[in-house]
Amino acid sequence: MDAVEMETDLTTTSPVEPTAIDEALADAESHPQGTCQFVTFAIGTEEYAVDIMQVREIQAWSEVTILPNQPEYMRGVLNLRGVIVPIFDLRRRFNQGITEATNIHVVVIIAVDDRIIGILVDRVSDILTVDRSEIRQVPDIDENEDSEHLIGLVTAEDRMVALLDTGCLFKSDIINKNINAAEEMLADQN
(Lines give C-alpha, C1' and ligand atoms only; values in the text may rest on other atoms or scores of the structure.)
Protein backbone atom coordinates (compact mmCIF):
# COMPACT_ATOMS: atom_id res chain seq x y z
CA MET A 1 0.00 0.00 0.00
CA ASP A 2 1.47 3.36 -1.01
CA ALA A 3 1.41 6.30 1.34
CA VAL A 4 -1.52 8.62 0.75
CA GLU A 5 -0.27 12.19 0.87
CA MET A 6 -2.52 14.84 2.39
CA GLU A 7 -1.98 18.31 0.94
CA THR A 8 -1.29 20.52 3.91
CA ASP A 9 1.43 22.88 5.00
CA LEU A 10 3.22 22.24 8.30
CA THR A 11 3.78 25.95 8.82
CA THR A 12 0.05 26.64 8.98
CA THR A 13 -0.59 24.31 11.90
CA SER A 14 -0.92 26.19 15.15
CA PRO A 15 -0.53 24.66 18.61
CA VAL A 16 -3.68 23.07 19.94
CA GLU A 17 -4.37 24.08 23.52
CA PRO A 18 -7.29 22.66 25.53
CA THR A 19 -8.54 26.19 26.18
CA ALA A 20 -8.58 26.93 22.45
CA ILE A 21 -10.55 23.75 21.85
CA ASP A 22 -13.06 24.67 24.53
CA GLU A 23 -13.47 28.09 22.92
CA ALA A 24 -13.89 26.53 19.46
CA LEU A 25 -16.61 24.19 20.74
CA ALA A 26 -18.38 27.05 22.51
CA ASP A 27 -18.16 29.10 19.32
CA ALA A 28 -19.52 26.16 17.33
CA GLU A 29 -22.54 25.97 19.63
CA SER A 30 -23.27 29.68 19.38
CA HIS A 31 -22.58 29.87 15.62
CA PRO A 32 -23.92 26.64 14.13
CA GLN A 33 -23.04 27.56 10.55
CA GLY A 34 -20.03 25.95 8.96
CA THR A 35 -18.67 22.48 8.63
CA CYS A 36 -15.48 20.74 9.61
CA GLN A 37 -13.83 17.57 8.39
CA PHE A 38 -12.26 14.73 10.29
CA VAL A 39 -10.29 11.65 9.28
CA THR A 40 -11.88 8.71 11.09
CA PHE A 41 -10.14 5.50 12.09
CA ALA A 42 -10.85 2.48 14.24
CA ILE A 43 -9.35 0.65 17.18
CA GLY A 44 -11.32 -2.57 17.30
CA THR A 45 -14.97 -1.54 17.10
CA GLU A 46 -14.42 1.96 18.49
CA GLU A 47 -14.12 4.87 16.08
CA TYR A 48 -12.03 7.98 16.64
CA ALA A 49 -11.23 11.01 14.51
CA VAL A 50 -8.76 13.86 14.19
CA ASP A 51 -9.15 17.15 12.36
CA ILE A 52 -8.25 16.62 8.71
CA MET A 53 -5.92 19.64 8.86
CA GLN A 54 -3.68 17.75 11.30
CA VAL A 55 -3.26 14.74 9.01
CA ARG A 56 -0.10 14.75 6.91
CA GLU A 57 -0.30 11.26 5.41
CA ILE A 58 -1.53 7.73 5.93
CA GLN A 59 0.78 4.79 5.38
CA ALA A 60 0.98 1.05 5.89
CA TRP A 61 2.57 -0.25 9.09
CA SER A 62 6.31 -0.81 8.94
CA GLU A 63 8.73 -1.82 11.65
CA VAL A 64 10.10 0.91 13.91
CA THR A 65 13.25 1.50 15.93
CA ILE A 66 12.60 0.96 19.63
CA LEU A 67 14.12 3.49 22.02
CA PRO A 68 15.26 2.84 25.58
CA ASN A 69 12.95 4.19 28.30
CA GLN A 70 10.17 5.12 25.87
CA PRO A 71 6.61 5.34 27.22
CA GLU A 72 4.79 2.00 27.10
CA TYR A 73 2.33 3.29 24.51
CA MET A 74 5.12 4.40 22.14
CA ARG A 75 6.09 1.74 19.59
CA GLY A 76 9.33 3.44 18.59
CA VAL A 77 10.43 5.85 15.89
CA LEU A 78 10.33 5.81 12.12
CA ASN A 79 12.61 7.69 9.74
CA LEU A 80 10.13 9.25 7.34
CA ARG A 81 12.04 10.94 4.52
CA GLY A 82 14.67 12.23 6.97
CA VAL A 83 12.22 13.23 9.72
CA ILE A 84 12.26 11.22 12.96
CA VAL A 85 8.62 10.39 13.72
CA PRO A 86 7.58 8.79 17.01
CA ILE A 87 4.90 6.14 16.50
CA PHE A 88 2.26 5.72 19.21
CA ASP A 89 -0.02 2.71 19.66
CA LEU A 90 -3.45 4.28 20.20
CA ARG A 91 -4.90 1.04 21.57
CA ARG A 92 -2.14 0.92 24.21
CA ARG A 93 -2.53 4.65 24.90
CA PHE A 94 -6.14 3.93 25.85
CA ASN A 95 -5.13 0.96 28.03
CA GLN A 96 -6.81 -1.56 25.72
CA GLY A 97 -3.80 -3.84 25.22
CA ILE A 98 -1.03 -3.83 22.66
CA THR A 99 -1.73 -3.81 18.94
CA GLU A 100 -0.25 -6.87 17.26
CA ALA A 101 0.69 -4.87 14.19
CA THR A 102 0.47 -6.58 10.81
CA ASN A 103 0.55 -5.37 7.22
CA ILE A 104 -3.19 -4.53 7.44
CA HIS A 105 -2.62 -1.91 10.16
CA VAL A 106 -1.95 1.71 9.23
CA VAL A 107 -0.13 4.67 10.68
CA VAL A 108 -1.82 8.06 10.53
CA ILE A 109 0.89 10.74 10.45
CA ILE A 110 -0.36 13.92 12.15
CA ALA A 111 0.93 17.29 13.32
CA VAL A 112 0.70 17.91 17.06
CA ASP A 113 1.77 21.39 17.98
CA ASP A 114 5.04 21.83 16.07
CA ARG A 115 5.92 18.11 15.87
CA ILE A 116 4.99 15.26 13.57
CA ILE A 117 3.88 11.95 15.12
CA GLY A 118 2.33 8.72 13.94
CA ILE A 119 -0.67 6.92 15.42
CA LEU A 120 -0.91 3.16 14.89
CA VAL A 121 -4.56 2.21 14.23
CA ASP A 122 -6.41 -0.84 12.94
CA ARG A 123 -7.82 0.88 9.87
CA VAL A 124 -8.80 4.26 8.46
CA SER A 125 -12.54 4.48 7.95
CA ASP A 126 -13.34 7.61 5.99
CA ILE A 127 -13.44 11.39 5.92
CA LEU A 128 -16.33 12.70 7.94
CA THR A 129 -17.83 16.11 7.17
CA VAL A 130 -20.02 17.45 9.96
CA ASP A 131 -21.78 20.66 10.76
CA ARG A 132 -20.17 22.30 13.79
CA SER A 133 -23.52 22.23 15.58
CA GLU A 134 -23.46 18.41 15.45
CA ILE A 135 -20.40 18.19 17.73
CA ARG A 136 -21.58 17.21 21.22
CA GLN A 137 -19.76 17.71 24.50
CA VAL A 138 -18.22 14.67 26.16
CA PRO A 139 -20.24 13.80 29.28
CA ASP A 140 -18.47 14.22 32.63
CA ILE A 141 -17.41 10.76 33.73
CA ASP A 142 -15.97 10.52 37.26
CA GLU A 143 -12.53 12.00 36.58
CA ASN A 144 -11.96 9.47 33.79
CA GLU A 145 -8.55 10.28 32.32
CA ASP A 146 -9.54 9.00 28.87
CA SER A 147 -12.40 11.48 28.55
CA GLU A 148 -10.01 14.43 28.92
CA HIS A 149 -8.42 13.38 25.61
CA LEU A 150 -11.68 13.95 23.75
CA ILE A 151 -12.97 17.26 22.43
CA GLY A 152 -16.39 16.02 21.43
CA LEU A 153 -18.60 13.29 20.03
CA VAL A 154 -20.29 13.07 16.64
CA THR A 155 -22.99 10.71 15.47
CA ALA A 156 -22.39 9.54 11.91
CA GLU A 157 -25.13 7.33 10.49
CA ASP A 158 -25.49 4.59 13.12
CA ARG A 159 -22.12 5.03 14.83
CA MET A 160 -20.59 7.30 17.45
CA VAL A 161 -17.21 8.86 16.65
CA ALA A 162 -14.99 10.31 19.39
CA LEU A 163 -13.02 13.41 18.36
CA LEU A 164 -9.49 13.29 19.79
CA ASP A 165 -7.64 16.15 21.44
CA THR A 166 -4.21 15.15 20.16
CA GLY A 167 -2.49 18.03 21.95
CA CYS A 168 -3.63 16.60 25.28
CA LEU A 169 -3.31 12.94 24.28
CA PHE A 170 0.28 13.28 23.07
CA LYS A 171 1.88 15.96 25.20
CA SER A 172 4.71 17.89 23.53
CA ASP A 173 7.19 17.36 26.35
CA ILE A 174 6.92 13.57 25.99
CA ILE A 175 7.16 13.76 22.20
CA ASN A 176 10.14 16.12 22.26
CA LYS A 177 12.00 14.03 24.83
CA ASN A 178 11.63 10.88 22.74
CA ILE A 179 12.44 12.56 19.42
CA ASN A 180 15.57 14.11 20.91
CA ALA A 181 16.64 10.71 22.27
CA ALA A 182 16.06 9.14 18.84
CA GLU A 183 18.03 11.84 17.05
CA GLU A 184 20.94 11.41 19.48
CA MET A 185 20.86 7.64 19.05
CA LEU A 186 20.88 7.92 15.25
CA ALA A 187 23.70 10.50 15.37
CA ASP A 188 25.77 8.12 17.52
CA GLN A 189 25.25 5.34 14.96
CA ASN A 190 26.60 7.49 12.11
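Computed from a prediction, not measured in an experiment: that's the story for all the values here. (Residues numbered from 1 in each chain as written. Predicted model: local features only at pLDDT ≥ 70, side-chain atom pairs only at ≥ 80, totals over all residues. Heavy atoms only, no water.)

Caption draft 1: Local environment of the environment of Val121. Along the polypeptide, Val121 turns up in strand E8 (residues 115–121). Through-space distance from the C-alpha of Val121 to that of Asp89 is 7.1 Å; in sequence the pair is 32 residues apart. When neighbours within four sequence positions are excluded, Val121 is seen to be in contact with Phe41, Ala42, Ile43, Leu90, His105, Val106 and Val108. (Helix = DSSP H or I, 4+ residues; strand = E, 2+ residues; numbered from the N terminus. Contact = heavy atoms within 4.5 Å.)

Caption draft 2: Inspection of the nonpolar core at higher detail. Core analysis: the largest hydrophobic core is formed by 30 residues, its most contacted members being Phe41, Tyr48, Leu90, Ile110, Val121, Leu164 and Phe170. At four residues, the largest contribution of residues to this core is made by strand E7 (residues 106–112). Sequence-distant contacts of Leu90, defined by excluding residues within four places in its chain, comprise Phe41, Ile43, Tyr48, Ile119, Leu120, Val121, Leu164, Leu169 and Phe170. (Core = buried A, V, L, I, M, F, W, Y, C linked by side-chain atoms within 4.5 Å. Buried < 20%, exposed > 50% of the residue type's maximum accessible area, 1.4 Å probe, protein only.)

Caption draft 3: How the structure looks around the sheet that holds strand E3 (residues 46–51). Read across the sheet, five strands follow the order E9-E2-E3-E11-E10 without closing on themselves; strand pairing throughout is mixed. Both outer strands of the open sheet, strand E9 (123–131) and strand E10 (150–156), are each paired with one neighbouring strand and no more. Taken pair by pair, the neighbouring strands of this sheet meet at an average axis angle of 35 degrees, ignoring direction. Here strand E2 (residues 35–43) runs beside E9; their pairing, made up of eight bridges, is antiparallel. The residue of E9 that forms the bridge with Val39 is Ile127. (Pairing = 2+ DSSP bridges. Axes fitted to C-alpha atoms, helices over the stretch in contact; angles between N-to-C directions.)

Caption draft 4: Geometry of unusual backbone geometry. One non-glycine residue, Asp113, adopts positive backbone phi at about 55 degrees. Mapped onto the secondary structure, Asp113 falls in the loop between E7 and E8. Of note in the backbone geometry, Glu157 takes a positive phi value of approximately 55 degrees without being a glycine. In this fold, Glu157 is placed in the loop between E10 and strand E11 (159–164).

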